[in-house]
Amino acid sequence: MRIVSVVGTRPQLIKAAALLPALRRRHDEVFVDTGQHYDEAMAGAFFEELGLPRPDHSLGIGGGSQAEQTGRMLPAIEAVLLAERPDAVLVYGDTNSTLAGALVAAKLGIPVAHVEAGLRSFDRRMPEEVNRVVADHLSRWLFVPTPAGVANLAAEGITEGVSLVGDLMQDLAARVSADVRDPAALAATVPSRDLGLTPGGYLFATVHRAENREPAALVAWTALLASVASAERPVVLALHPGTAAALEAAGIRLADDVRAIPPQGYRTTLTLQLHAAAVLTDSGGVQREAAWLGVPCLVLRPTTEWVEAVAESDGRMVVVGLDRARAADALARIAPTGAAGATLLAERAARIPLVPAGVGDSIARLLDEVVR
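The rules behind each value
Residues numbered from 1 in each chain as written. Predicted model: local features only at pLDDT ≥ 70, side-chain atom pairs only at ≥ 80, totals over all residues. Heavy atoms only, no water. Helix = DSSP H or I, 4+ residues; strand = E, 2+ residues; numbered from the N terminus. Buried < 20%, exposed > 50% of the residue type's maximum accessible area, 1.4 Å probe, protein only. Contact = heavy atoms within 4.5 Å. Areas by Shrake-Rupley, 256 points an atom, 1.4 Å probe, with all protein chains shown as cover. Lys, Arg positive; Asp, Glu negative; His and termini not counted. Charge placed at Lys NZ, Arg CZ, Asp CG, Glu CD. Pairing = 2+ DSSP bridges. Axes fitted to C-alpha atoms, helices over the stretch in contact; angles between N-to-C directions. Salt bridge = Lys/Arg side-chain N within 4 Å of Asp/Glu carboxyl O. Core = buried A, V, L, I, M, F, W, Y, C linked by side-chain atoms within 4.5 Å. Right-handed = clockwise from strand over helix to strand, strands pointing away. Phe/Tyr/Trp six-rings, centres within 6.5 Å; stacked < 30°, edge-to-face > 60°. Lys NZ or Arg CZ within 6 Å of the ring centre and 35° of its normal. Expected span 1.5 Å × (residues − 1). Parallel < 35°, antiparallel > 145°, perpendicular 65-115°, else oblique. Nonpolar A, V, L, I, M, F, W, Y, C, P; charged D, E, K, R; others polar.

## Quick notes on the overall build of the protein
- A count of helices and strands for the protein gives 17 helices and 13 strands.
- Structurally, the protein occupies a C-alpha span of about 60 × 45 × 40 Å along its principal axes.
- Expressed as a percentage of its 372 residues, the buried residues of the protein come to 57%.
- Here the contacts in the protein between residues at least 6 apart in sequence split such that 68% fall between residues at least 24 apart.
- Surface exposure of the protein reaches about 14700 Å², of which carbon and sulfur atoms provide 54%.
- Side chains of the protein carry 34 positive and 43 negative charges; the gap between the two charge centres is 1 Å.

The following block contains the structure:
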């Protein structure tokens, strides 16, 4: 089968790194990068680090509003599909690149395969929720990571072409987990050298969702981070360029004990998560990684599509939204300071409960069965 894969963001590159080797062993794959995460810090370095081939087509479409970005992707992806004449188009997750790839393929009558189908936060204010719902309803093959995702699709009348395969990102995280377990891995990172980080001596945070760039949300989450940060346990914030621009436009400064760093590579991000006292994030990918690594995690959104990650965390993952009091109470319970916290950290690093799930091979095999 000739397959065009469409990616555009860092999380999609992570998924592609887990799937492409298996996909290319069985199929003729054409790799397209829309450029949604368009700078070297956000995406460029990921290609080398993850062993990804350079894209067959780089569209260079980044920046702009949701509508502007998606609108510019449509004719660019259409030109690629008309030139490549694929048997299928494969899209990942819930980004503007996902939506654009699925829409163009559907308009051209090309079957769509959606990796990470079926997820729902049930909050249509999130652009990602709209993207994933539309992509699912346009797809012929739906590769679902969780049982809840299968149930969500069934509730919307989608039962044909649905396969419960597991989470691609788990395969890649398992592959590199041994490299990040030792505290020496933290000491070797640039953030650790610059900030003097020690295991358990900091909180790690990421904030990038569109709803958290609105003025009221910016005020709320910066205040939340300030309230849980201290000189003894600062918050290390991997600051997305779009979030940084929103903060600057709103005239909001981060607290002194919230230390902003550029977005980091994949292994460094896993290392910073594993050796943090806890993670605070609005990212679905970081939520799952924290769950696999056994790291306490506060979800800085009112809802999450990864309901299993919360339910199966033994209380280590808590959805707090932007509520400072809830965040403080949760941290006191799941990431205490002092001797108790140090003991929990040492136990966690010693026993990362993470094994490959074989999802890439499953997806490639299922597509192979379609051909036969």
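Back to the write-up after that little detour.
## Quick word on the sheet that holds strand 5 (residues 112-115)
- Strand order in the open sheet formed by seven strands is 3-2-1-4-5-6-7, and the pairing between neighbours is parallel. Each edge of the open sheet is held by one strand with a lone partner, namely strand 3 (57-58) and strand 7 (162-164).
- Its contacts with the sheet place helix 3 (residues 66-84) against strand 1 (2-7), strand 2 (28-33), strand 3 and strand 4 (88-92), and it is angled at close to 165° to strand 1.

## So, the pattern of salt bridges
- Per the stated rule, a full pass over the model turns up 21 salt bridges.
- Close ionic contact of Asp136 with Arg120 constitutes a salt bridge, the shortest N to O distance being 2.9 Å. Here Arg120 lies in the loop between strand 5 and helix 5 (127-138) and Asp136 lies in helix 5, a separation of 16 residues in the sequence.
- Overall, the relative accessible area of 3% leaves Arg120 in the buried class.
- Where salt bridges share partners, they join Asp94, Glu128, Glu129, Arg132, Arg209, Arg301 and Glu305 into one cluster.

## Some remarks on the nonpolar core
- Residues Leu52, Leu90, Tyr92 and Ile363 are the most contacted members of the largest nonpolar core, which totals 58 residues.
- In terms of residues, this core owes the most to one element, helix 1 (residues 10-26), which gives eight residues.
- Filtering out sequence-adjacent residues up to four positions away, Leu90 remains in contact with Ile3, Val4, Ser5, Val6, Leu19, Leu23, Ala113, Val115 and Leu367.

## Considering the environment of Gly64
- Turning to its location among the elements, Gly64 is positioned in the loop between strand 3 and helix 3.
- When its relative accessible area of 57% is taken as the criterion, Gly64 is described as exposed.
- As for Gly64 and Gln36, which are separated by 28 residues in sequence, their C-alpha atoms are 9.8 Å apart.

## Some remarks on the pairing of strand 10 (residues 258-261)
- Of the strand pairs in this sheet, strand 9 (residues 235-239) and strand 10 are connected by four bridges, and their pairing is parallel. Residue pairing in the sheet places Val236 in a bridge with Arg259 of strand 10.
- A crossover links strand 9 with its parallel partner strand 10, the connecting element being helix 11 (residues 241-250), and its sense is right-handed.

## Here we look at the packing of aromatic side chains
- As enumerated under the stated definition, the model contains zero aromatic pairs in all.
- Lying over the aromatic face of Trp141, Arg140 brings its terminal NZ or CZ to 5.6 Å of the ring centre.

## Observations regarding the pairing of strand 9
- The element strand 9 is extensively covered by neighbouring structure, given that five of its five residues are classed as buried.
- Burial of strand 9 is two-sided: the residues Val235, Leu237 and Leu239 facing one way and the residues Val236 and Ala238 facing the other way are all buried.
- For the crossover from strand 8 (residues 203-207) across helix 10 (residues 215-228) to strand 9, the handedness is right-handed.

## Observations regarding helix 10
- The first and last C-alpha atoms of helix 10 sit 21 Å apart over 14 residues, in line with the 20 Å expected at 1.5 Å per residue.
- On its buried side, helix 10 packs onto strand 8, strand 9, helix 11, strand 10, strand 11 (278-281) and helix 15 (324-334).

## Focus on the packing of helix 10 against helix 11
- Relative orientation of the contacting elements helix 10 and helix 11 amounts to 105°, with a least axis distance of 10 Å. It follows from the interaxial angle that helix 10 and helix 11 lie roughly perpendicular. In contact with Leu218, Trp221 and Thr222 of helix 10, helix 11 contributes Thr243, Ala246, Leu247 and Ala250.
- Here the contact of helix 10 with helix 11 is built from residues that sort into five nonpolar, two polar and no charged.

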